[in-house]
Amino acid sequence: MPRYWLFKSEPGSYSIDDLERDGRTSWEGVRNFQARNLLRDEIAVGEQVLFYHSSTQPPAVVGPAEVVRAGYPDPTARDPSSRYHDPAATEEDPRWYMVDIAFRERFPNPVPLAVLKETPGLEKMVLTQRSRLSVQPVRPEEFEIVTRLGRGG
DNA sequence: GCCAACGTTGGC
DNA sequence: GCCAACGTTGGC
């Protein structure tokens, strides 16, 4: 049973435009243990991801993407020149993980956070309850509702 | 720019 | 192992 996820990114850092241009990308830089555990252990190839723009006006889900490579060590953790460098990461214990995702679609109608908050069926979304988690699970019915809104229906 | 929420760190 | 201090995220 495939599962669904939501990945947050500040568009100034990496946006849906960047993903569309690149085709695919590695989701580096996640430095939160709960999110790390999802990336390392749970998220599987073929699963769908809602791409969310945070810290922007308005914050919104901007389109779906797809997981094309499952969890593997995030090399930026061991790169001293990276802003994501973590001295605690070693080859034996990489500490931080990432997955690769591919562009699938850009919503004609990005779905703002305010709309998510007032849409029936989305009351329990992790996004509105534990908003700071940058990689989070999405229920199948939530994915369905959000993609319908994003496609304009 | 403010500030609430909350994850992480470190002293004890 | 607790918990206060601190830092970061992210909506507003």
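Scroll up to find the structure this text is about.
Notes on the structure in this doc start here. Please read all numbers here as calculations on a predicted model, not as lab measurements.

Right, let's get into the protein's contact with DNA strand B. In the vicinity of DNA strand B, the residues found are N32, F33, Q129 and R132. Among all atoms of DNA strand B positioned within 4 Å of the protein, those belonging to sugar or phosphate total 60%. For DNA strand B, a phosphate oxygen lies 3.4 Å from a polar atom in the backbone of F33. Contacts to DNA strand B include R132, whose side-chain N or O atom sits 2.4 Å from a base oxygen. By residue class, the composition of the surface near DNA strand B is 1 nonpolar, 2 polar and 1 charged.

With respect to the helices and strands, the residue D74 is situated in the loop between β4 (60-73) and β5 (97-103). Within the local environment of D74, its side chain forms a polar contact with the backbone nitrogen of G29, the two atoms lying 2.8 Å apart. Within the local environment of D74, its side chain forms a polar contact with the side chain of R31, the two groups lying 3.0 Å apart. With residues up to four places along the chain from it excluded, the contact list for D74 reads E28, G29, V30, R31, W96, Y97 and M98.

Lining the immediate environment of DNA strand C, one finds K8, Y52, S54, S55, P59, L113, K117, S131 and R132. The protein-proximal atoms of DNA strand C, defined as those within 4 Å of the protein, are 82% sugar or phosphate. At 2.5 Å from a phosphate oxygen of DNA strand C is found a side-chain nitrogen or oxygen belonging to K117.

Bringing the packing of aromatic side chains into the picture now. Counted under the stated rule, the structure contains 4 aromatic pairs. Residues W27 and F51 carry aromatic rings whose centres are separated by 5.5 Å and whose planes lie at 90° to one another, so their mutual orientation is edge-to-face. Separated by 24 residues along the polypeptide, W27 in the loop between β2 (24-26) and α2 (33-42) and F51 in strand β3 (residues 48-53) bring together distant segments of the chain. For F51, a relative accessible area of 0% puts it in the buried group. Counting every residue linked through ring pairs, the aromatic cluster contains F7, W27 and F51. Over the face of the ring belonging to Y97 we find R40, whose NZ or CZ atom lies 5.9 Å from the ring centre. In this structure, R69 packs its charged tip against the face of Y72, placed 3.4 Å from the ring centre.

The rules we used
Residues numbered from 1 in each chain as written. Chains lettered and ligands numbered in written order. Predicted model: local features only at pLDDT ≥ 70, side-chain atom pairs only at ≥ 80, totals over all residues. Heavy atoms only, no water. Near = heavy atom within 4 Å. Polar contact = N/O pair within 3.5 Å; in protein donor to acceptor, adjacent residues only side chain to side chain. Nonpolar A, V, L, I, M, F, W, Y, C, P; charged D, E, K, R; others polar. Helix = DSSP H or I, 4+ residues; strand = E, 2+ residues; numbered from the N terminus. Contact = heavy atoms within 4.5 Å. Phe/Tyr/Trp six-rings, centres within 6.5 Å; stacked < 30°, edge-to-face > 60°. Buried < 20%, exposed > 50% of the residue type's maximum accessible area, 1.4 Å probe, protein only. Lys NZ or Arg CZ within 6 Å of the ring centre and 35° of its normal.

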